[in-house]
Amino acid sequence: MQNPQKPNERKTEMKALFEQYRPQAWDDVIGQDVVVGQVRAIKKRGLGGRAYWITGLSGTGKTTIAYLLANELAGGLNIEELDASELTPARLMDVERGMRLIGFGKGGRVYIINEAHGLRRDTVRQLLVTLERLPSHAAFIFTTTQGGQTALFHGIDDAGALISRCIKLELEVEGLAQAFA
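Residues numbered from 1 in each chain as written. Predicted model: local features only at pLDDT ≥ 70, side-chain atom pairs only at ≥ 80, totals over all residues. Heavy atoms only, no water.

Novice: What exactly am I supposed to notice about the pairing of strand β1 (residues 50-55) here?
Specialist: It is a general feature of regular strands that their side chains alternate between the two faces of the sheet. Of all the 6 residues making up β1, 5 are buried; the element is thus mostly covered by neighbouring parts of the structure. Where β1 and strand β4 (residues 138-144) come together, 6 bridges link them in parallel fashion. Note on β4: the bridge partner recorded for Tyr 52 is Ile 141. Sheet topology note: the β1/strand β5 (residues 167-170) ladder contains 4 bridges and is parallel. The residue bridging Tyr 52 from the neighbouring strand is Ile 167, located in β5. (Buried < 20%, exposed > 50% of the residue type's maximum accessible area, 1.4 Å probe, protein only. Helix = DSSP H or I, 4+ residues; strand = E, 2+ residues; numbered from the N terminus. Pairing = 2+ DSSP bridges.)

Printed below as a string of structure tokens:
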């Protein structure tokens, strides 16, 4: 028999430690001073109308940086996270139609494409076209591991053209242990 919950007791959900302590502001980011400096410099010129390529080893903060960057441009309802392996040219055309609209709140729209090394060849070709028509209130953020990026270059002939359309943010691994200690 289950123990019934008392009326004024709230169920608390346990968050993973990385979620509990994920930086909520650029000043909270540890060990990625170069990338934070890059973003701050770009911010002066405007973060929208651009694509970003975030690469680094697992645990270096790719997702954290992606969301901090996304939150600069768009509110939560206008940030869409997509898995690269499920992204198709048809889905990208739907995204492109949606990105033409100004988002509520901050006005921006951001698309985070995780595991970018999983992009298919036909999707990469469509992305080349989509990124050329990126409005100033929208941004794409790609995240991948360094090994994944290398595999993408070897597996897809035009991956270099995609990455050349992005601002590269390469996360550091050296010195992270000392920074966290």
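Next, the rest of the story.
Novice: Whenever I open this one, helix α3 (residues 62-73) confuses me. Can you help?
Specialist: Since the α-helix packs 3.6 residues into each turn, any two residues three or four apart lie on the same face. Across its 12 residues, α3 extends 17 Å between first and last C-alpha, which sits within 8% of the 16 Å expected from 1.5 Å per residue. By the burial criterion, the buried members of α3 are Lys 62, Thr 64, Ile 65, Ala 66, Leu 68, Leu 69, Ala 70 and Leu 73. The inward-facing, buried residues of α3 abut α2 (33-45), β1, β2 (79-83), β3 (109-114), β4 and β5. (Expected span 1.5 Å × (residues − 1). Contact = heavy atoms within 4.5 Å.)

Novice: Is there a simple way to think about the nonpolar core in this case?
Specialist: Buried together is how nonpolar side chains tend to be arranged in soluble globular proteins. Counting 25 residues, the largest nonpolar core has Trp 53, Ile 113, Leu 119, Leu 127, Phe 140, Phe 142 and Leu 162 as its most contacted members. When residues of this core are traced back to their parent elements, those giving at least two are β1, α4 (89-99), β3, α5 (121-132), β4 and α7 (159-164). The dominant element in this core, judged by the number of residues it contributes, is α5, at 4 residues. Once residues lying within four places of it in the same chain are set aside, the contact partners of Phe 142 are Ala 51, Tyr 52, Trp 53, Ile 54, Ile 113, Ala 116, Leu 119, Leu 127, Leu 131, Leu 162 and Cys 166. Residues Ile 42, Tyr 52, Ile 65 and Ile 141 belong to the second largest nonpolar core, which totals 23 residues. (Core = buried A, V, L, I, M, F, W, Y, C linked by side-chain atoms within 4.5 Å.)

Novice: What is the right way to look at the side chain of Thr 64 in this model?
Specialist: Summarising the element assignment, Thr 64 is placed in helix α3. At 2.9 Å, the side chain of Thr 64 and the side chain of Arg 22 are in polar contact. The contacts of Thr 64, once residues within four sequence positions are left out, are Arg 22 and Pro 23. (Polar contact = N/O pair within 3.5 Å; in protein donor to acceptor, adjacent residues only side chain to side chain.)

Novice: Help me understand unusual backbone geometry in this model?
Specialist: Negative phi is the rule for most residues except glycine; trans is the rule for most peptide bonds. The backbone phi angle of Glu 115 is positive, close to 55°, even though this residue is not glycine. Turning to its location among the elements, Glu 115 is positioned in the loop between β3 and α5.

Novice: Can you walk me through the sheet that holds β5 in this structure?
Specialist: One open sheet accounts for 5 strands, arranged β2-β3-β4-β1-β5; its pairing is parallel. Strands at the two margins of the open sheet, each flanked by one partner only, are β2 and β5. Mean inter-strand twist for the sheet, computed between neighbouring axes without regard to direction, equals 20°. Across the face of the sheet, α3 comes into contact with β1, β2, β3, β4 and β5 while running at roughly 175° to β4. Against the sheet, α5 engages β1, β3 and β4, with an angle of about 145° to β4. (Axes fitted to C-alpha atoms, helices over the stretch in contact; angles between N-to-C directions.)

Novice: I'm lost on α2 in this one. Help?
Specialist: For α2, built from 13 residues, the straight-helix expectation of 18 Å at 1.5 Å per residue is met to within 8% by its first-to-last C-alpha distance of 19 Å. Those residues of α2 lying buried are Val 35, Val 36, Val 39 and Ile 42. On an axial view of α2, the arc spanned by its buried residues comes to 125°, and they lie on one face. Across α2 from its buried face, at more than 90 degrees, point the exposed residues Asp 33, Val 34, Lys 44 and Arg 45. Considering only its buried residues, α2 is in contact with β1, α3 and β5. (Arc of directions from axis to C-beta.)

Honestly, that's just the spatial picture; any functional story needs more than this.
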